[in-house]
Amino acid sequence: MDNKISLTQLKELVTEAHEQFKGNTDGANADYIPYLANINKDLFAISICLMDGEVINIGDTNYAFGIESVSKVHTAILALRQYGADKLLELIGADATGLPFNSIMAILLESDHPSTPLVNSGAISACSMIMPIGDSDAKWKAIVDNIAELCGSETPLIGELYKSESATNFNNKSIAWLLKNYNRIYDDPDLALDLYTRQCSLGVTSEQLAITAATIANDGYNPVSKKQVFKASLSPKITSLISTVGFYEHSGDWLYSSGIPAKSGVGGGVLGVLPGQFGIAAFAPPLDGAGNSVKAQLAIKYIMNKLNLNVFGGNRIIIED
Ligand code: DON
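As a starting point, this report considers the structure included with it. (Residues numbered from 1 in each chain as written. Predicted model: local features only at pLDDT ≥ 70, side-chain atom pairs only at ≥ 80, totals over all residues. Heavy atoms only, no water.)

### Looking at the site of the ligand
Alright, step 1. Near the ligand lie 14 residues; those nearest to it are Tyr32, Glu68, Ser69, Glu165 and Tyr196.
Alright, step 2. At 2.9 Å from an oxygen atom of the ligand is found a side-chain nitrogen or oxygen belonging to asparagine 172.
Alright, step 3. Contact between the ligand and glycine 291: a nitrogen atom at 3.0 Å from a main-chain N or O atom of the residue.
Alright, step 4. The fraction of the free accessible surface of the ligand (340 Å²) that becomes covered by protein chains is 98%.
Alright, step 5. More than half of the atoms belonging to the ligand lie within 2 Å of the grid points that define the largest pocket.
Alright, step 6. When grouped by side-chain class, the residues that make up the shell around the ligand number 6 nonpolar, 6 polar and 2 charged. (Near = heavy atom within 4 Å. Polar contact = N/O pair within 3.5 Å; in protein donor to acceptor, adjacent residues only side chain to side chain. Areas by Shrake-Rupley, 256 points an atom, 1.4 Å probe, with all protein chains shown as cover. 1 Å grid on protein atoms, 1.4 Å probe; cavity = no way out; pocket = protein on both sides within 12 Å on 5 of 7 lines; lining within 4 Å. Sits in = over half its atoms within 2 Å of the grid points. Nonpolar A, V, L, I, M, F, W, Y, C, P; charged D, E, K, R; others polar.)

In structure tokens:
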């Protein structure tokens, strides 16, 4: 069913969601990465990018926060671009782990040790896969260029975050070397880990994440830069990965209650993809126990519910002005 709404009404709805939840004080900043613990916990942004490239921005949408695990989406897309869907499935996997993002147990539990590019193990594997193998600078350039294409603009490294994260990523080091043990790393493990840590330390705005989400929703065509970033056939692949594991052990609850495939990061960002309709992103630093932004979840759920939209339903919004 068509759900007609004007651009002005949509902006009012996003403003309403921002007003509704800006005073919420639940959750806490990630504290296992010292830089993130000190970010202003009151920052709050919501952005929506429509299929025609129109962007609605409410709140602190110019603030560049640590992209963290949301970058797993971008680099999974790069791996899909370089290798194709079948090879990604073979080299990494696409199964939900049902366990926390940094779980070592999840690697051990699977007999052939597959993963998904949207948890730490699979994301480190994905960084190891990025071509050209063995060339750190060229791999990094491929990663950041791909992120910039998806965001429609560059995402500068937050040097302090990179330092903070590199000094404390002991669990991820173990993951990288455990994967090496199981032949699930396709380049030097330390190189792959460093690329992963660096990509997590890029600064991104909610607007840039909404544009990424809209590019995925729009079959790989970035509606703002007007460029085809990746093949349309890859869009359902990345959206299925986001659906199954975007909120880690809370992915089922999230999809069931929000109706939108979404990916979170411990920097407080969340990106949501409603295929053919829009990309949405929200940012607020305090997280729930699984590492997902509390206010971002509330805001996105509120908007989805008010618009009566669900990825598994037949309703579509038609913007008319
Ligand atoms: O690997 C880590 O621990 C961080 N760089 C990223 C984790 C993350 O964002 C998990 N997502 N909610």
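### Considering the packing of helix 6 (residues 120-129) against helix 9 (residues 170-181)
Alright, step 1. Running from N to C, helix 6 and helix 9 point in directions that differ by 65°, and their axes come no closer than 10 Å. Classified by chirality, the crossing of helix 9 by helix 6 is right-handed. Between helix 6 and helix 9, the contacting residues are Asn120, Ser121, Ile124 and Ser125 on the first element and Asn172, Ile175, Ala176 and Leu179 on the second.
Alright, step 2. Residue composition of the contact of helix 6 with helix 9, grouped by class: 4 nonpolar, 4 polar and no charged. (Axes fitted to C-alpha atoms, helices over the stretch in contact; angles between N-to-C directions. Helix = DSSP H or I, 4+ residues; strand = E, 2+ residues; numbered from the N terminus. Left-handed = near helix turned anticlockwise from the far one by under 90°. Contact = heavy atoms within 4.5 Å.)

### Brief notes about the layout of surface pockets
Alright, step 1. Size it by volume and the largest pocket reaches roughly 200 Å³.
Alright, step 2. What lines the largest pocket is a set of 22 residues, among which Tyr32, Ile33, Phe101, Asn120 and Asn172 lie closest to the centre.
Alright, step 3. At the level of elements, helix 9 and helix 10 (189-200) are the ones that each hand at least two residues to the lining of the largest pocket.
Alright, step 4. When residues of the lining of the largest pocket are assigned to their parent elements, the largest contribution, 3 residues, is made by helix 9.
Alright, step 5. Considered class by class, the residues forming the lining of the largest pocket number 9 nonpolar, 10 polar and 3 charged.
Alright, step 6. Of the residues that make up the lining of the largest pocket, three or more belong to each of domain 1 (2-62 + 203-320) and domain 2 (69-200). (Points joined across faces, edges and corners; volume = space filled by probe spheres on them. Domains from an automatic or database assignment.)

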